[in-house]
Amino acid sequence: MENCNTILLIYHHVQETQIIKKTVEFGNFTCICAETCMNAKELCKNNFPDVILCEIAAARNDGKSLFHYIRSQRPQTIINILLPENNKELILEAMSYGINNYLIQPLTPSDIGQYLTNINQALRTIPQSNIVNTITTFKHYTKTLGNSLFTVYETTEGLMKDMNPALSYCYIGIHLGLEELLINAIEHGNLNISYDEKSRAIEDGTFDNLLTSRLNDSKYACRKVTVAFNQVPEYDEWIISDEGDGFDIRTIPTVMDDESLKKLHGRGIQITKFQFDEIEYSEDGKTVRVRKYVHIC
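This one's a predicted model, so the numbers in the text were calculated from it and none came from an experiment.

### Re the pattern of salt bridges
Move 1: One pass over the structure, following the stated rule, counts 12 salt bridges.
Move 2: In this structure, the salt-bridge partner of Lys45 is Glu42, at a minimum N-O distance of 3.1 Å.
Move 3: Arg291 is paired through a salt bridge with Glu237; the nearest N and O atoms lie 2.6 Å apart. Of this pair, Arg291 sits in strand β10 (residues 287-293) while Glu237 sits in strand β8 (residues 235-241), placing them 54 residues apart in sequence.

### Focus on the nonpolar core
Move 1: Counting residues in each nonpolar core, the largest one holds 59 residues, and the members touching the most others are Phe67 and Ile81.
Move 2: In terms of residue count, helix α8 (residues 171-190) provides more of this core than any other element does, 6 residues in total.
Move 3: If sequence neighbours within four positions are ignored, Ile81 has contacts with Cys54, Ile56, Ala59, Phe67, Ala94, Tyr97, Ile99, Asn101, Tyr102 and Leu103.
Move 4: Of all hydrophobic cores here, the second largest spans 18 residues; its members include Phe29, Val51, Leu82 and Leu116.

### Some remarks on the sheet that holds strand β1 (residues 6-10)
Move 1: Read from one edge to the other, the open sheet built from 5 strands follows the order β2-β1-β3-β4-β5, with strand pairing classed as parallel. Of all the strands in the sheet, the pair left with one neighbour each is β2 (30-34) and β5 (101-104). In this sheet, adjacent strand axes meet at a mean angle of 20° when their direction is disregarded.
Move 2: Pairing between β1 and β2: 5 bridges, direction parallel. Paired with Leu9 across the bridge in β2 is Cys33.
Move 3: Strands β1 and β2 of the sheet are contacted by helix α1 (residues 14-26), whose axis makes an angle of about 160° with β2.

### A word on the sheet that holds β8
Move 1: A sheet is described by the order of its strands in space; here 5 strands give the open sequence β6-β7-β8-β10-β9, paired in antiparallel fashion. Strand pairing shows two members of the sheet lacking a second neighbour, β6 (139-145) and β9 (278-281), which therefore form its edges. Strand-to-strand twist in this sheet, taken as the mean axis angle between neighbours without regard to direction, amounts to 15°.
Move 2: By the bridge criterion, 7 bridges tie β6 to strand β7 (residues 225-232) in an arrangement that is antiparallel. Residue pairing across strands places His140 opposite Asn230, the latter belonging to β7.
Move 3: Its contacts with the sheet place helix α7 (residues 150-161) against β6, β7 and β8, and it is angled at close to 175° to β6.

### Re the packing of helix α9 (residues 195-204) against helix α10 (residues 207-215)
Move 1: Look at α9 against α10: their axes get within 7 Å of each other, and the N-to-C directions meet at 130°. Judged by the angle between their axes, α9 and α10 are oblique. Together, Glu197, Lys198, Ala201 and Ile202 of α9 and Phe207, Leu210 and Arg214 of α10 make up the contact between the two elements.
Move 2: Residues that form the contact of α9 with α10 fall into these classes: 4 nonpolar, no polar and 3 charged.

The rules behind these values
Residues numbered from 1 in each chain as written. Predicted model: local features only at pLDDT ≥ 70, side-chain atom pairs only at ≥ 80, totals over all residues. Heavy atoms only, no water. Salt bridge = Lys/Arg side-chain N within 4 Å of Asp/Glu carboxyl O. Helix = DSSP H or I, 4+ residues; strand = E, 2+ residues; numbered from the N terminus. Core = buried A, V, L, I, M, F, W, Y, C linked by side-chain atoms within 4.5 Å. Buried < 20%, exposed > 50% of the residue type's maximum accessible area, 1.4 Å probe, protein only. Contact = heavy atoms within 4.5 Å. Pairing = 2+ DSSP bridges. Axes fitted to C-alpha atoms, helices over the stretch in contact; angles between N-to-C directions. Parallel < 35°, antiparallel > 145°, perpendicular 65-115°, else oblique. Nonpolar A, V, L, I, M, F, W, Y, C, P; charged D, E, K, R; others polar.

Worth remembering: the numbers are spatial, not functional.
Spelled out as structure tokens, the structure:
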């Protein structure tokens, strides 16, 4: 695993493994294959991959132990689960492993190509060497904000002031990710503006009117967004909760297509996935937890 761009594929179907392996290698990654998490752990004893693609069937057998081991040794490794279908229970199970993302199979070469492009962008922002951690104490507090989008930047700025200095290399990414999550919590959560409603309003030039209408509606006006910040020597963590009706986390896209990339909105969750080491949604979609690990020397 001398190549700095290495993907560890944990998959037991030999034929499909070879297809994925060839596509990954065509994308200028080194691809190492293992049939089980136990085999994968042996491969990782001395060298750790940049990315892990693990099918959920393999993750059920010692996956949590493997991922915990890798996180403790190399927190910047990007861990993704492969799911056989877009199923709510499977998605919740996958997120419970503390992964970065999940992908729905079957994956076309185009899907994998787009995925590798996103991964390359993420890897360029992640330092490959350890950074000295100066935080030795624990910190926890909670902030509450209303539904005004004007408060999002100020709230994010306040949160960033308490971020571990060892994470300064990804300041912009974390700032952007937190802003996106707070905006989503207000617009799609508390104000109950759906993706389609926002799309139509933006196209019609009426989004400001839609926003004002919801802000003046007593059903939504008094709802709050809560942000809990947890800091320990190993990581910084943010937990964002809204008071909306929730959403089906199965609707979160796993691969960005060309049409999605052209839109001026709807990219927030995708952007966020690549700013944090872990992202986990509650079953009802009202709460999201994101975590960034510190590279401890």
